[in-house]
Amino acid sequence: MAHTGTVFASPAFIRTGRGISRSLGELLQARSVRKAMFVTDPGIAALKLDEPVRRSMEDAGIRVAVYNQVSADPTLD
């Protein structure tokens with residue numbers, strides 16, 4: 001059978017709203033997550049915009065590994 005398209009899968013729920021990222025740790029903890037990898041770019045890391053999200057996970061007892069070397073605007077290559 002030939003490949004005819006792309007599959008997009010999403011979680012059973014999507015939450016939006018001001019400050020919602022600060023509840024990520026609680027959401028992950030409810031799903032028994034103990035370790036997470038946080039992926040971001042150097043600009044976000046330098047501005048410390050990732051801290052509330054990471055802190056939320058850490059406060060929930062989740063070990064967080066950070067990789068902050070993703071290209072902010074990747075090329076088509």
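Residues numbered from 1 in each chain as written. Predicted model: local features only at pLDDT ≥ 70, side-chain atom pairs only at ≥ 80, totals over all residues. Heavy atoms only, no water.

Asker: What exactly am I supposed to notice about the pattern of salt bridges here?
Answerer: Once the charged atoms of two side chains with opposite charge are near each other, the side chains can pair. On inspection of all chains with the given rule, the structure shows 4 salt bridges. Between Arg-55 and Glu-51 there is a salt bridge, and its shortest N-O distance comes to 3.2 Å. Taken as a pair, Arg-55 and Glu-51 lie in helix H3 (residues 51–59) at a separation of 4 residues, close to a single helical turn. Residue Arg-55 is classed as partly exposed on the basis of its relative accessible area, which comes to 42%. Here Glu-51 falls in the partly exposed class, since its relative accessible area comes to 25%. Its salt-bridge partner being Arg-54, residue Glu-58 comes within 4.0 Å of it at the nearest N-O pair. Linking Glu-58 with Arg-54, this pair stays in helix H3, spanning 4 residues, or about one helical turn. (Salt bridge = Lys/Arg side-chain N within 4 Å of Asp/Glu carboxyl O. Helix = DSSP H or I, 4+ residues; strand = E, 2+ residues; numbered from the N terminus. Buried < 20%, exposed > 50% of the residue type's maximum accessible area, 1.4 Å probe, protein only.)

Asker: How should a nonpolar patch on the surface be read in this particular structure?
Answerer: A cluster of nonpolar side chains, Met-37, Val-39, Tyr-67 and Val-70, forms an exposed patch at the surface whose accessible area comes to about 370 Å². Examined against the element boundaries, Val-39 turns out to sit in strand S1 (residues 35–39). (Patch = residues over 30% accessible without salt bridge, like charges linked within 9 Å, V, L, I, M, F, W, Y side chains within 5 Å. Areas by Shrake-Rupley, 256 points an atom, 1.4 Å probe, with all protein chains shown as cover.)

Asker: Could you clarify how one ought to interpret the side chain of Ser-56 in this entry?
Answerer: Position of Ser-56 among the secondary structure elements: in helix H3. A residue is classified by how much of its surface remains accessible, and Ser-56, at 10% relative accessible area, is buried. A distance of 2.7 Å separates a polar side-chain atom of Ser-56 from the backbone oxygen of Arg-22. Apart from the residues within four sequence positions on either side, Ser-56 is in contact with Ser-21, Arg-22, Ser-23, Leu-24, Gly-25 and Glu-26. (Polar contact = N/O pair within 3.5 Å; in protein donor to acceptor, adjacent residues only side chain to side chain. Contact = heavy atoms within 4.5 Å.)

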